[in-house]
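# An overview of the molecular structure
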Amino acid sequence: MSLTAGVVAVQGDVSEHADAVRRAADARGRDVTVVEIRQSGVVPDCDLLSLPGGESTTISRLLHSEGIAPEIRDHVADGKPVLATCAGLIVAATDAGDERVETLDLVDATVERNAFGRQKDSFEAPLDVNGLDDPFPAVFIRAPRIADVGEADVLASWDDHPVAVRDGPVVGLSFHPELTDDDRLHDLAFFPDERK
């Protein structure tokens, strides 16, 4: 069965996420068509979604002004997977720690923006992730930290703080898996039933 993968393209590493989704699907022998989402009406046709990083206040504003936000909520309510990375995680959280961000309330967590430092403080770290056999080379760039987790399951932590969580069909990451050649987290997010 062919899949339609949507990448929210209002900001962030759109082409990198698209490439990672294609590689993850190919590794599973699945046909996938990747579409970029900049306006409402596209999400309902998608089987899975990537919500990339960027600037969380801008992403939040555009998702709501373009009518994309309620479609993403409906997507999740239907049990379809979402991978939210960096600023995408901030927007997906229940509490962004910033009143300028109107969140999607998809991940039961409180997030602190830029908690791991500014651009100059970027780093890569080997993360032990639940569901992966070997460490994942996580790239942290102006990364948020998950300060508090409600019902979400913690998949990985760094420096004693959660940096990867799953809440139902949504996987939220503080870091940028699309900036590596390692597609295991896209696979973990989008093909969980095929990993069993």
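Located above this text is the structure these notes cover.
The subject of this paragraph is the overall build of the protein chain. A count of helical and extended segments in the protein chain gives five helices and 12 strands. Since a compact globule built from 196 residues should have a radius of gyration of about 16 Å, the 15 Å found for the protein chain is in line with a globular shape. Here the C-alpha coordinates of the protein chain stretch approximately 40 × 40 × 30 Å along the principal axes. Long-range pairs, those at least 24 residues apart, make up 68% of the contacts in the protein chain with a sequence separation of at least 6. Accessible area for the protein chain stands at about 8,500 Å²; split by element, carbon and sulfur atoms hold 42% of it. If the 18 positive side-chain charges of the protein chain are averaged to one point and the 38 negative ones to another, these points end up 3 Å apart.

Once that is clear, we can look at the sheet that holds strand E4 (residues 82–85). One key point about sheets: their strands pair by backbone hydrogen bonds, in either a parallel or an antiparallel sense. The strand order across the open sheet formed by seven strands is E2-E1-E3-E4-E12-E11-E10, and the pairing between neighbours is mixed. This sheet does not close on itself; its edge strands, each paired only once, are strand E2 (32–37) and strand E10 (153–158). Taking each pair of neighbouring strands and ignoring which way they run, the sheet shows an average axis angle of 15 degrees. The strands touched by helix H1 (residues 14–27) within the sheet are strand E1 (3–8), E2, strand E3 (48–51) and E4, with E2 carrying the most contacts at an inclination of about 160 degrees.

With that settled, the discussion passes to the sheet that holds strand E6 (residues 107–112). Spatially, the three strands line up as an open sheet ordered E5-E6-E9, and their pairing is mixed. Edge positions in the open sheet fall to strand E5 (93–95) and strand E9 (145–149), since each of these has one partner strand only. Going from strand to strand, the sheet's axes swing by 55 degrees on average, the running direction of each strand aside. Note: E6 against E9, four bridges, orientation antiparallel. Directly across from valine 111, in E9, lies its bridge partner isoleucine 146.

Here the focus is the environment of glycine 131. Among the structural elements, glycine 131 can be located in the loop between strand E7 (123–127) and strand E8 (136–140). On the accessibility criterion, glycine 131 (52% relative accessible area) is exposed. Separated by 57 residues in the primary sequence, glycine 131 and leucine 188 have C-alpha atoms spaced 7.5 Å apart.

This part is about the pattern of salt bridges. For the structure shown, the criterion picks out seven salt bridges. Across the pair aspartate 19 and arginine 22 runs a salt bridge whose closest N-O atoms are separated by 3.1 Å. One end of the pair is aspartate 19 and the other is arginine 22, both in helix H1 and three residues apart, which spans about a single turn. Taking the relative accessible area as the measure of exposure, aspartate 19 reaches 36% and is therefore partly exposed. Across the pair glutamate 112 and arginine 145 runs a salt bridge, and its minimum N-O distance is 3.0 Å. On the criterion of sequence distance, the pair formed by glutamate 112 in strand E6 and arginine 145 in strand E9 is long-range, its members being 33 residues apart.

On to the packing of aromatic side chains, then. Think of a pair of aromatic rings as described by two things: how far the centres are apart, and how the planes are tilted against each other in angle. If you walk through the whole model with that rule in mind, you get two aromatic pairs. Pairing phenylalanine 136 with phenylalanine 175 gives two aromatic rings, centres 6.1 Å apart and planes at 40 degrees, and the pair type is tilted. A residue pair is termed long-range when its members are at least 10 positions apart, and phenylalanine 136 in strand E8 and phenylalanine 175 in the loop between strand E12 (170–173) and helix H5 (184–190) qualify at 39 residues. Judged on exposure class, the residue phenylalanine 136 and its partner phenylalanine 175 are both buried. Note on phenylalanine 140 and phenylalanine 175: the rings are 5.4 Å apart at their centroids and 50 degrees apart in plane angle, and the pair reads as tilted. Of this pair, phenylalanine 140 sits in strand E8 while phenylalanine 175 sits in the loop between E12 and H5, and the two are 35 residues apart along the sequence. The exposure classification of phenylalanine 140 matches that of phenylalanine 175, with both residues buried. One aromatic cluster in this structure is built from Phe136, Phe140 and Phe175.

Cut-offs used in this document
- Residues numbered from 1 in each chain as written.
- Predicted model: local features only at pLDDT ≥ 70, side-chain atom pairs only at ≥ 80, totals over all residues.
- Heavy atoms only, no water.
- Helix = DSSP H or I, 4+ residues; strand = E, 2+ residues; numbered from the N terminus.
- Rg over C-alpha atoms; globule rule 2.2 N^0.38 Å.
- Contact = heavy atoms within 4.5 Å.
- Areas by Shrake-Rupley, 256 points an atom, 1.4 Å probe, with all protein chains shown as cover.
- Lys, Arg positive; Asp, Glu negative; His and termini not counted.
- Charge placed at Lys NZ, Arg CZ, Asp CG, Glu CD.
- Pairing = 2+ DSSP bridges.
- Axes fitted to C-alpha atoms, helices over the stretch in contact; angles between N-to-C directions.
- Buried < 20%, exposed > 50% of the residue type's maximum accessible area, 1.4 Å probe, protein only.
- Salt bridge = Lys/Arg side-chain N within 4 Å of Asp/Glu carboxyl O.
- Phe/Tyr/Trp six-rings, centres within 6.5 Å; stacked < 30°, edge-to-face > 60°.

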